Amino acid sequence: MFKNFNNFIESSINLITGSAEKFTLKHRIFNAACLSTTIVAIAGTIINIYLNLNIYIIILTSFFSLFLTTIYYISFKYKTYKQLTSIYLILVLAAIIALWFINAGSKGPTGFSFIIIIFIFNTILEGKKQIFTNVLIISTYVFLILTEYYYPNLIIPYSTEKERFIDYNYTIFFYLVVMSILSILFFKSFYDDKKITETQRDEILEKNHEIELTQAELLNHKDHLEEIVQQRTIALENSNNNLIIAKNKAENSDKLKTAFLANMSHEIRTPMNAIIGLSQLMKIKKIDENTKAEYIDTIINKGHLLLNIINDIIDVAKIEANELQIKTEQTNLELLLKDIFLTFENNLKLTNSEIKFSLELDREHHNLYILTDELRLKQILINLIENARKFTKTGSIKFGVKTEENFLRFFVADTGIGMPKDKQNFIFDRFRQIDEKNTKEHSGTGLGLTISKKITELLGGQIWVESEINKGSTFYFTVPFIKCENNNILDTDNENVTYNWSTKSILIAEDDYFNFVILSELLEKSEIIITRAVNGQELLNFIEEGLQFDLILLDIQMPIINGFEVCQILKDKLNTIPIIAQTAFVFSDEREKLTKLGCSDIITKPIDFDLFLNTLAKYLN
């Protein structure tokens, strides 16, 4: 019930003075004062009419009632009061002065009004306006007292005791009503402000808590960001260091490649100079048979040297492309080592070298067969012996093999110039030599050791070097020791083999005239019937015309229609004629492509004569 009454009072006050959400406390007090004085003015008008007082008094109270009502409406409607306080003050003071002279001066109850208006204006005004208003009200009160004292006849006394009684009670009622409304409003506003203050305090505490949490979170973010920044800084520094290292490596690699290309140019041009020069000499000058034979041997040797350089470059390209493959087969270790020994020994004799060359072979390795890639094992040994020859002018070179548990350890030792320890770490790197300045004195591409290292690793072993300056070097490498029985049938010596293919016919597709001449001369003794096609289209025309061939020797790089396209067309036509491709392609994907297209066999240029004839024999005999 009390709650309902409190709600009723609150709703009534909000209705009269306006809600706290829309009006300030001072504005609400001004609204209450305007409404209270308006009610009093209207009540005074009604009482004056009832008492049948002077018409001027009735007009005066009616005038005040109208103006006060207008002020209250404007204040409430347009939510403004500061501009209206001066008008309200003048009206109230005018009403009090009038009542002072009409109702017996200080003997009447008009003095209560001064207390009310001082309270009202001290509440709603502040600063200089408040001081001025207080001075004005008090000065007015003093003026009225002094006027009554010096001019008592100006004051109209009460005509009857009843009139005096009504005026007193009316004024006291007015005083009580206004003071009650203002007091209720004041205490209600104070309670609201306190409630708002407590709410704001709770909100402030909550906000402070949120701010503390936010600050803690910000501190965590700050620490996290600092950690991230530190990590990023370290990462950037590492990245910069890596970039600098990579830049230095790239620059060093460029320098090495430049030196390598310069050296490669020298290595290629030197034998080419001998080949071209000797060929020109035989053309323009009459030379006896012995000298001519010597020139021809030199040209052949220099040609093989060029081929070895090209093979080294191809092997490096295969290593880069992971195309270098190992083909395991039965290998007679003793024969392989003796074959290498005899080759180099004869070569050293021909060059009148002072180097003592020897092979160390234990009894356990006699007639020993192992499973390995014979060609690649031979390549490693030749590379290492060639390297030893390059840096050994006098003294000895020896090579051999030792058995160590599951590995065979090969070695090549020389008494050459040796190498410092700090150079031994990079000699297996590409394009590196002990002294790039000595490439003219010590010929070579600088690729042999790189290729040897990669082949050794592919075979499943390791390679390393031990060396001392001016004492020589010893290279070691290992391969897995996999012993096997000899299942090979001894090959016939091809030098004394003759082929009779007089009843056979071969179609040679070759656009280069001199290559065709070499093949024709090579096959001349076999008496085979030879037909030439200068391009792929001519080859297909021969097949479509119904010409019969026992074998097709196909060059891959030909005009109009190349060898790949020819193979595809013949495959689609269900060709049964054996096709042997002759090509300079060395990568496995190209060889696999030719095999899938139906090629029976592949011969790599430049052609080895014995291998060429043996390959043809497999399909013609």
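Located above this text is the structure these notes cover.
What counts and how
Residues numbered from 1 in each chain as written. Predicted model: local features only at pLDDT ≥ 70, side-chain atom pairs only at ≥ 80, totals over all residues. Heavy atoms only, no water. Pairing = 2+ DSSP bridges. Helix = DSSP H or I, 4+ residues; strand = E, 2+ residues; numbered from the N terminus. Axes fitted to C-alpha atoms, helices over the stretch in contact; angles between N-to-C directions. Contact = heavy atoms within 4.5 Å. Left-handed = near helix turned anticlockwise from the far one by under 90°. Nonpolar A, V, L, I, M, F, W, Y, C, P; charged D, E, K, R; others polar. Expected span 1.5 Å × (residues − 1). Buried < 20%, exposed > 50% of the residue type's maximum accessible area, 1.4 Å probe, protein only. Polar contact = N/O pair within 3.5 Å; in protein donor to acceptor, adjacent residues only side chain to side chain. Patch = residues over 30% accessible without salt bridge, like charges linked within 9 Å, V, L, I, M, F, W, Y side chains within 5 Å. Areas by Shrake-Rupley, 256 points an atom, 1.4 Å probe, with all protein chains shown as cover. Salt bridge = Lys/Arg side-chain N within 4 Å of Asp/Glu carboxyl O. Core = buried A, V, L, I, M, F, W, Y, C linked by side-chain atoms within 4.5 Å.

*Asks:* Explain the pairing of strand 4 (residues 396-404) to me, using residue names and the numbers behind them.
*Replies:* Across 5 bridges, the pairing between strand 2 (residues 356-360) and strand 4 is parallel. Residue pairing for strand 4: Glu-360 is matched across the bridge by Gly-400. Strand direction decides the pairing type here: strand 4 and strand 5 (residues 407-414), joined by 8 bridges, are antiparallel. Bridge pairing in strand 5 links Phe-399 to Val-412. What sits between the antiparallel neighbours strand 4 and strand 5 is a turn of 2 residues, in which Glu-405 has the positive phi angle 50°.

*Asks:* Give a detailed account of the sheet that holds strand 7 (residues 472-480), specifying residues and quantitative values.
*Replies:* Spatial strand order, 2-4-5-7-6: 5 strands in an open sheet with mixed pairing. Edge positions in the open sheet fall to strand 2 and strand 6 (463-468), since each of these has one partner strand only. The average angle at which neighbouring strand axes cross in this sheet is 15°, direction not considered. The strands that helix 11 (residues 448-459) touches are strand 6 and strand 7; relative to strand 7, the one it contacts most, it runs at about 30°.

*Asks:* Just give me the short version of the packing of helix 9 (residues 333-350) against helix 10 (residues 374-390), but keep the residues and values in it.
*Replies:* Two numbers describe how helix 9 lies on helix 10: the axes approach to 11 Å, and their chain directions differ by 35°. Where helix 9 crosses over helix 10, the two elements pack in a sense that is right-handed. Of helix 10, the residues touching helix 9 (which contributes Leu-333, Leu-336, Leu-337, Asp-339, Ile-340, Phe-344, Asn-347 and Leu-348) are Glu-374, Leu-377, Lys-378, Leu-381, Ile-382, Ile-385, Glu-386 and Arg-389. Classifying every residue of the contact of helix 9 with helix 10 gives 10 nonpolar, 1 polar and 5 charged.

*Asks:* Mind laying out helix 10, listing which residues take part and the relevant values?
*Replies:* Working note: α-helix, 3.6 residues per turn, so residues spaced by three or four point in the same direction. For helix 10, spanning 17 residues, the distance from its first C-alpha to its last is 24 Å, which sits close to the expected 24 Å at 1.5 Å a residue. Along helix 10, the residues that are buried comprise Arg-376, Leu-377, Gln-379, Ile-380, Leu-381, Asn-383, Leu-384, Ile-385, Asn-387, Ala-388 and Lys-390. Of the residues flanking the start of helix 10, the one acting as N-cap is Asp-373, its side-chain oxygen 3.2 Å from the backbone nitrogen of Leu-375.

*Asks:* A description of a nonpolar patch on the surface should follow, citing residues and the corresponding values.
*Replies:* Together, Ile-138, Val-142, Leu-146, Tyr-149, Tyr-150, Tyr-151 and Leu-154 give the surface a local cluster of nonpolar side chains, amounting to about 810 Å² of exposed area. Its location among the elements puts Leu-146 in helix 6 (residues 128-150). By relative accessible area, Leu-146 is classed as partly exposed at 44%.

*Asks:* Summarise the nonpolar core; cite the residues concerned and give the values.
*Replies:* Counting residues in hydrophobic clusters, the biggest one holds 40 residues, and the most contacted among them are Leu-333, Leu-337, Phe-410 and Phe-477. If you list the elements that add at least two residues to this core, you get helix 8 (289-320), helix 9, helix 10, strand 4, strand 5, helix 11, strand 6 and strand 7. In terms of residue count, the dominant contributor to this core is helix 9 (7 residues). Once residues within four sequence positions are removed from consideration, Phe-410 is found in contact with Leu-333, Leu-337, Leu-377, Leu-381, Gly-400, Val-401, Phe-475, Tyr-476, Phe-477 and Val-479. Ala-41, Ile-71, Tyr-88 and Leu-144 belong to the second largest nonpolar core, which has 30 residues in total.

Bear in mind that shape data such as this cannot, by itself, settle questions of function.
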